[in-house]
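Spelled out, the chains give:
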Amino acid sequence: MQSIKGSHLQSIERERYFRYGERILLAGFFLAAWLLCGRISYSDGDDAYFSSMAHSMPFWEYLKMRYIGWEGRMTSEAMTYLAFYFGKTFWQTANAFALTMLPAGLIHIVKKISGQTAPKEGFFTALLLYLLILALGIPVIGYGAFWVTGSTFYLWSIVAGIWAAMPFVDLVYRREKGTWKSFLYALPCSFLAAMGQEQIAAVVIAFGILAVAYDLVRLRRCGQDCKMHPGAGLPFLHILEVLLMIGALTALFLSPGTDARTQSEIDTWMPQYGAMSTGNHIFITVQWMLSSFANEGKLLFCLIWIFLLLLLWKKRTGGSRILAGICGILALVSLLPFLGITFFSEMGMGVSDYNQCVREVAIPASLDGQNWAAMMFWAGGCLFTLAALLALQESLCQRLHMVLLVLAACASECILYFSPTMYASGPRVYFMAQILLWLLAGMLGEKLVRRGKPQILILAGLGGVLNVVCSLELVMGYL
C-alpha cells in the first residue's frame with residue numbers, strides 16, 4: 001500500500017515538473033524574441049514614413065487621412081501609429097509579446113482539438129510547436145514578424161485572429177467546457193483582426209461560420225436530450241463574433257481610398273493588371289502560390305509529409321503503406337532546393353526583384369518543360385496531401401479540419417488575385433498560409449507525441465537548424 005502511494009506521489013511530482021517546464025518554455029521564448037527584436041533597426045521607406053507620420057500628426061487625424069486616402073485597415077494603422085509614436089523600446093516588448101502569443105495560441109488550439117490533458121504530452125507538444133517556428137520561410141517571418149511595419153500589419157493582426165478563433169474551437173471540440181469568459185478577449189481580438197488584415201479575417205470568419213453551422217446541425221440531430229444539458233442552446237455569442245468580424249471587414253473594404261490606391265498601385269507595380277484575361281490572372285495566381293510552397297514553404301510541407309508517413313505507416317495496411325511511401329518521396333524532393341537543385345521549385349515567374357515594377361507577367365506559353373514539371377509536382381503534392389489527411393484513422397471532424405487548413409492556406413494566398421501588388425508585397429503575404437501549415441504540422445506531430453514518438457522533436461529541431469543555416473546570410477541581414 002505504501003509503495004502504491006509513493007508511486008502516485010512520484011507521478012504527481014513528475015507532472016508538476018512538466019507543467020513548470022511548459023511555463024519555462026513560454027518565458028524562454030519571450031526572452032529570445034525580446035532579444036531578437038532588440039537587434040532590429042528602423043528601415044528606410046515604410047518605417048521612416050510611419051515614424052514621421054506618428055510624430056507629426058494627431059492620432060485621429062492620421063487614421064482619418066489613411067482611411068479616406070489610402071486603405072481601410074484601421075486597427076493595423078492604429079497599432080502601427082502607436083508602435084512608432086512610443087518608439088523602438090515599446091515595439092521591442094510589444095512585438096516580443098505578440099511573437100510569444102503566436103505559438104502559444106497554436107498550442108492552445110492543438111490541445112483543445114486533441115483533448116490533451118496529460119502534462120508530459122502537453123510539454124512535448126508545446127516544445128514541438130515552438131521548434132516548428134524555425135520551419136517557416138526565413139523571408140516570410142522576417143518581413144511578417146521582425147520588420148517593424150510588417151509586424152504591426154501582419155503579425156499583430158494574425159495573433160489577434162488566432163485568439164479570436166478560440167471560442168469556435170471550443171464550440172466544435174469541447175462545447176461543454178467553453179464559457180462566456182473566452183469572449184472577453186475573443187471579441188476585441190476579432191475586431192482587431194477583421195479590420196487589420198484581410199487574410200486572417202477571411203480565415204477566422206470562414207471557420208467561425210463552419211463551427212456555428214456544425215453546432216446547429218449537431219443540436220438538431222441531438223434533439224431534446226442535448227437541449228437539456230447545461231450550456232446547450234443556440235451559440236449566440238459565437239454568431240455575434242462572426243457578425244462583428246463581417247461588419248468590420250466590410251468597413252475595411254468600403255474605405256474611400258481603396259479605388260484610388262488600387263489604381264495607383266496598378267500603375268506602380270503591375271500595369272497589365274486591368275488588361276489581363278481572367279484565365280491568365282488565375283494562372284499567375286496559382287503559379288505564384290505553388291512557387292511560394294516550393295520555396296518559402298518547402299520545409300513545412302516536408303515535415304507535414306514526414307509526419308503523415310509515420311502516421312500512415314502505423315496503420316499496417318497495403319494502401320496506407322503506399323500512401324506513406326509517396327509521402328517519403330514528396331518529402332525528399334521538397335528538400336532538393338537546400339542542395340541547390342531547383343528543378344522542382346523554379347516555375348518560370350520571371351520575377352527576381354519584388355521592389356521593381358512587373359511589366360510583363362508570365363503566360364502559359366512562356367514556361368518550359370521544367371517549369372511545368374515543377375508546377376505539376378507541387379499541384380499534385382497539395383492534392384495528395386488532402387487525400388492522405390482523409391486516409392488517417394482519426395475522427396471525421398478532425399480529418400476535415402486538417403483538410404480545411406490546407407485549403408485555407410491556399411485560399412489565403414489566392415486572395416492576392418485581387419491585388420496588383422501580388423508580387424510587390426513580397427514574402428510577408430505568405431505569413432498567414434504558413435501559420436496554417438504550421439498548425440497542421442503541430443496537429444499531426446501531437447498525434448505522434450501521444451503515440452510515444454517524441455523523437456520527432458529532434459527531426460523538427462534539425463529541420464529548423466537546416467533552414468536557418470541555409471539562410472544565415474539573410475538572417476544576419478535582418479539583425
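Our subject is the structure that appears above.
Residues numbered from 1 in each chain as written. Predicted model: local features only at pLDDT ≥ 70, side-chain atom pairs only at ≥ 80, totals over all residues. Heavy atoms only, no water.

Overview of helix 21 (residues 456-470)
- Helix length check: helix 21 (15 residues) gives 21 Å between terminal C-alpha atoms against 21 Å at 1.5 Å per residue, within 8%.
- Within the span of helix 21, buried status applies to I456, L457, A460, G461, G463, G464 and N467. End-on, the buried residues of helix 21 take up no more than an arc of 160°, which puts them together on one face. For helix 21, the exposed residues lying more than 90 degrees away from the buried face are I458, L462 and V469. (Helix = DSSP H or I, 4+ residues; strand = E, 2+ residues; numbered from the N terminus. Expected span 1.5 Å × (residues − 1). Buried < 20%, exposed > 50% of the residue type's maximum accessible area, 1.4 Å probe, protein only. Arc of directions from axis to C-beta.)

Some thoughts on the pattern of salt bridges
- Under the defined criterion, the tally for this structure stands at eleven salt bridges.
- Across the salt bridge formed by E198 and R73, the nearest N and O atoms sit 2.9 Å from each other. Placement of E198 in helix 11 (residues 198-222) and of R73 in the loop between helix 3 (59-69) and helix 4 (74-86) is noted, with a sequence separation of 125 residues between them. In this pair, the class of E198 matches that of R73, namely buried. (Salt bridge = Lys/Arg side-chain N within 4 Å of Asp/Glu carboxyl O.)

Here we look at the packing of helix 19 (residues 396-414) against helix 20 (residues 431-450)
- One can describe the packing of helix 19 onto helix 20 by two numbers: an axis separation of 8 Å at closest approach and a directional angle of 160°. Considered as vectors, helix 19 and helix 20 are oriented roughly antiparallel to each other. With respect to the hand of their crossing, helix 19 and helix 20 are arranged in left-handed fashion. Each of Q398, M402, L405, V406, A408, A409, S412 and E413 in helix 19 lies in contact with helix 20, whose residues at this interface are M432, A433, L436, L437, L439, L440, M443, L444 and K447.
- A class-by-class count of the residues in the contact of helix 19 with helix 20 yields 13 nonpolar, two polar and two charged. (Axes fitted to C-alpha atoms, helices over the stretch in contact; angles between N-to-C directions. Parallel < 35°, antiparallel > 145°, perpendicular 65-115°, else oblique. Left-handed = near helix turned anticlockwise from the far one by under 90°. Contact = heavy atoms within 4.5 Å. Nonpolar A, V, L, I, M, F, W, Y, C, P; charged D, E, K, R; others polar.)

Quick notes on the nonpolar core
- Formed by 148 residues in total, the largest nonpolar core has its most connected members in L308, F431, W438 and L444.
- Sort the elements by how many residues they give to this core and helix 20 lands first, with 14 residues.
- Setting aside chain neighbours within four positions, we find L444 in contact with I304, F307, L308, L311, L389, L392 and M402. (Core = buried A, V, L, I, M, F, W, Y, C linked by side-chain atoms within 4.5 Å.)

A look at the packing of aromatic side chains
- Counting across every chain of the model gives 26 aromatic pairs.
- A ring pair is formed by W163 and Y185, whose centres lie 5.9 Å apart and whose planes are at 80°; its orientation type is edge-to-face. Residue W163 is found in helix 8 (residues 148-164), and its partner Y185 is found in helix 10 (residues 183-194); the two are separated by 22 residues along the sequence.
- Look at W305 and W378: their rings are 5.5 Å apart centre to centre, the planes differ by 35°, and that puts the pair in the tilted class. Pair noted here: W305 is in helix 16 (residues 298-313) and W378 is in helix 18 (residues 369-390), with a separation of 73 residues, a long-range link. For the pair W305 and W378, a shared accessibility class is recorded, and that class is buried. (Phe/Tyr/Trp six-rings, centres within 6.5 Å; stacked < 30°, edge-to-face > 60°.)

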